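Structure assessment
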Amino acid sequence: MNHDHLDPINALNMPEIADMTFAMDFLVRSKESVRNIATVLTETASPELRVLLRKQLKQAISMHQEITELMIEKKWFHPHDLSEQYQLDQLSAKNTIMIGNMNLFPVETNRKGMFDRTPDQH
């Protein structure tokens, strides 16, 4: 992969990488939700509110489980194989550094001749 963000070769596998990134972010946020609801539940005195919070906590736990299972099925998350997860994390870190090193605002943005055909004429 080169450091030219406009080069189409850099988009190879990008949809799946983006999906994996969004899913991991969703998983982390769902875990935060479980933790926050549990904390609020322990600090609530109202019986009605405790019932509501318990229901929300069960839903949040179910959501976290659903996301985890999807990510395991897609091989985006390996909670039971740390060496496999480590390799995935290393790849993610490498991609992050590579994107961070790209010149996202180059002086020259003309990409004429890089594509295999001319753009559609309208």
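Here goes a summary of the coordinates provided. Note that the structure is predicted; figures quoted are calculated from it, not measured.

What counts as what
Residues numbered from 1 in each chain as written. Predicted model: local features only at pLDDT ≥ 70, side-chain atom pairs only at ≥ 80, totals over all residues. Heavy atoms only, no water. Helix = DSSP H or I, 4+ residues; strand = E, 2+ residues; numbered from the N terminus. Buried < 20%, exposed > 50% of the residue type's maximum accessible area, 1.4 Å probe, protein only. Polar contact = N/O pair within 3.5 Å; in protein donor to acceptor, adjacent residues only side chain to side chain. Contact = heavy atoms within 4.5 Å. Expected span 1.5 Å × (residues − 1). 1 Å grid on protein atoms, 1.4 Å probe; cavity = no way out; pocket = protein on both sides within 12 Å on 5 of 7 lines; lining within 4 Å. Points joined across faces, edges and corners; volume = space filled by probe spheres on them.

**Some words on the side chain of T68**
Tracing the backbone shows T68 in helix α2 (residues 47–73). Relative accessible area serves as the criterion here: at 14%, T68 is assigned to the buried category. At 2.8 Å, the side chain of T68 forms a polar contact with the backbone oxygen of H64. Aside from chain neighbours lying at most four places away, what touches T68 is L27 and F77.

**Re helix α1 (residues 14–42)**
Over its 29 residues, α1 extends 42 Å from the first C-alpha to the last, a length consistent with the 42 Å expected when each residue adds 1.5 Å. Restricting attention to buried positions, one finds in α1 the residues M20, A23, L27, S30, I37 and L41. In the core, the buried residues of α1 are packed alongside α2 and α3 (82–101).

**So, the layout of surface pockets**
Considering only enclosed or pocket space, the largest pocket measures out at about 550 Å³ in volume. I17, M20, L91, S92 and N95 are, among the 22 residues lining the largest pocket, the residues nearest its centre. Sorting the residues of the lining of the largest pocket by element identifies α1 and α3 as the ones contributing at least two each. Counting residues per element, the lining of the largest pocket draws most heavily on α3, at ten residues.

**Some thoughts on the environment of R50**
Of note, R50 is situated in helix α2. A sequence separation of ten residues divides R50 from V40, and the C-alpha atoms of the two residues are 9.0 Å apart. Contacts of R50, omitting those with residues within four sequence positions, involve L41 and T44. Among the polar contacts made by the side chain of R50, one reaches the main-chain carbonyl oxygen of T44 at a distance of 3.0 Å.

**A closer look at the environment of H78**
Relative to the assigned elements, H78 resides in the loop between α2 and α3. Measuring from C-alpha to C-alpha, the distance between H78 and T68 comes to 9.5 Å, with ten residues separating the pair along the chain. Residue contacts for H78: discarding those within four places in its chain leaves E84, Q85 and L88.

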